[in-house]
Amino acid sequence: MPELVQPTSLAETARRCRDGDRAVGAELADRLDRLDTVEPEVEAFVSEGGRRERMLSAAERLPEAPPPERPPLYGVPVGVKDVFRVDGLPTGAGSGLPAAALAGPEAAVIERLRAAGAVVLGKTVTTEFAYFHPGPTRNPHDTAHTPGGSSSGSAAAVAAGEVPVALGTQTAGSTIRPAAFCGVVGMKPSYGRILTDGLLPLAPSLDHVGLFTAAVDDMRLAASVCCDEWRAIDAPNDPVLAVPDGPYLEQAEQAGLTGFERAVDALEAAGYGVRRVDALEDVETVNDRHTTLLAGEAALVHHDWYTAHADAYHGTTVDLVERGRGVSTEALATARASRVALRERLTERLTAAGADCWLAPAAPGPAPEGLESTGDVAMNLPWTHAGLPVVSLPAGAVDGLPLGVQIVGRFGADEYLLDRCAGLEEVVAAI
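Below or above, wherever it landed, is the structure these notes cover. What you see is a predicted model, and the numbers here were worked out from it, not measured in a lab.

### Overview of the pattern of salt bridges
Thinking step 1. Counted by the stated rule, this structure contains 28 salt bridges.
Thinking step 2. The residue Glu27 makes a salt bridge to Arg31 at a minimum N-O spacing of 3.9 Å. One end of the pair is Glu27 and the other is Arg31, both in helix H2 (residues 24-42) and 4 residues apart, which spans about a single turn. Judged on exposure class, the residue Glu27 and its partner Arg31 are both buried.
Thinking step 3. Ionic pairing is found between Arg231 and Glu415, a salt bridge with its closest N-O pair at 3.1 Å. On the criterion of sequence distance, the pair formed by Arg231 in the loop between helix H8 (216-226) and strand S6 (241-245) and Glu415 in helix H15 (residues 414-429) is long-range, its members being 184 residues apart.
Thinking step 4. Judged by relative accessible area, which is 1%, Glu415 ranks as buried.
Thinking step 5. The structure contains a network of salt bridges with shared partners spanning Glu12, Arg15, Arg16, Asp19, Asp21, Arg22, Glu27, Asp30 and Arg31.

### Considering the sheet that holds strand S1 (residues 77-81)
Thinking step 1. The strand order across the open sheet built from 10 strands is S2-S1-S3-S5-S4-S9-S10-S8-S6-S7, with neighbouring strands paired in mixed fashion. The sheet terminates laterally at strand S2 (119-124) and strand S7 (274-278), the two strands that pair on one side only. Neighbour to neighbour, the strand axes of the sheet diverge by 30 degrees on average, direction disregarded.
Thinking step 2. By the bridge criterion, 4 bridges tie strand S8 (residues 357-361) to strand S10 (residues 401-408) in an arrangement that is antiparallel. Within S10, the position partnered with Trp358 by the bridge is Val408.
Thinking step 3. The sheet strands contacting helix H6 (residues 152-159) are S1, S2, strand S3 (165-170) and strand S5 (208-213), and the helix crosses S3 at an angle near 150 degrees.

### Details of unusual backbone geometry
Thinking step 1. With an omega dihedral of 10 degrees, the bond running from Gly149 to Ser150 counts as a cis peptide bond.
Thinking step 2. Structurally, Ser150 can be placed in the loop between S2 and H6.
Thinking step 3. The phi dihedral of Glu229 falls on the positive side, at around 50 degrees, and the residue is not glycine.
Thinking step 4. Mapped onto the elements, Glu229 comes out in the loop between H8 and S6.
Thinking step 5. Here Asp399, not a glycine, exhibits a phi torsion of approximately 50 degrees, which is positive.
Thinking step 6. Take Asp399: it is sitting in the loop between strand S9 (390-398) and S10.
Thinking step 7. Note on Asp399: relative accessible area 78%, which makes it exposed.

Criteria and cut-off values
- Residues numbered from 1 in each chain as written.
- Predicted model: local features only at pLDDT ≥ 70, side-chain atom pairs only at ≥ 80, totals over all residues.
- Heavy atoms only, no water.
- Salt bridge = Lys/Arg side-chain N within 4 Å of Asp/Glu carboxyl O.
- Helix = DSSP H or I, 4+ residues; strand = E, 2+ residues; numbered from the N terminus.
- Buried < 20%, exposed > 50% of the residue type's maximum accessible area, 1.4 Å probe, protein only.
- Pairing = 2+ DSSP bridges.
- Axes fitted to C-alpha atoms, helices over the stretch in contact; angles between N-to-C directions.
- Contact = heavy atoms within 4.5 Å.

Given below as structure tokens:
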């Protein structure tokens, strides 16, 4: 069996192609060879006939430009979760619905990636409609374990080195959790920071576009292309971190908590200030409101599709839609209003503690065994509900399975969050 874990640097790939050190065709051929090698074990990508021919043709159609004038992702191959519409590729959303029913204009973030010179290597596997029914993708670190979800294929594809960057989404924990399970860097920007036009929605008030890369420097490059109005900044690399003690942390597994406390100890030993803060005492209420909002909006989004194709839906998604049909207009309004209220409360607690970012486990523990479940969203849900920017960093392992920590910043301060993660990454990677 080939070595399955082999992430590749986005920054270095982009530099080689942009500076002309390597022909784009040769770079894409290498990624396609890697895909051919690992896909039988990982199954991160939706199958596609004629992929190699399409990719090499796309490389030939890239605008001719001397290296100094090439865009930042010139010739870089990108994996795209199969809930984004991409011209020339069908959208299936991990479902049995006909592609024609889900067709529409290309996603805004794909247009932005193309303008930056990137080439879509293919669609990555998603759970059905980015909810919980899993696809076939396996974790490259141990193929008997889930890669997480719903952005299963995107996380696994980056971990396996099939692409240096991939798009995902997050409506509860669908980027940060699989990034942790697969040992890569994941980012969920502030709500609305990456346009969702052309994304098949699950719950529009909660849907975020997510990103996967091998390292923080790579993520900075990806985010600068995909996020609106990205600003180059130079933030202090020694943030004070706040740990949300109380019922929220109690949702984690013992193995996850033990690994998290190792990360906290390592950061304190490296000179970072860590404050224990009482927060999310009402996490059960937050969870309930999030679940209500997700179900209610999913029922609205899927009304026409579900009416026409109910037999094509898996039971897990059927349960979501049917539950959502019973959510009242008043309950939806309350749940929507709770997002900003939670955001403000978490920001106030952070400020009162004299801290810059929240520090928390990126998942309850390591990736569960089996492919029937993609894991628990409990560690991610409150930050998603609040729409705050989050970065997941690899932070040790349990029995060969990666663990991660998530760093949560202030709303809209995505640039500062990523800059502060550069120093944190080095510390927790050494655990």
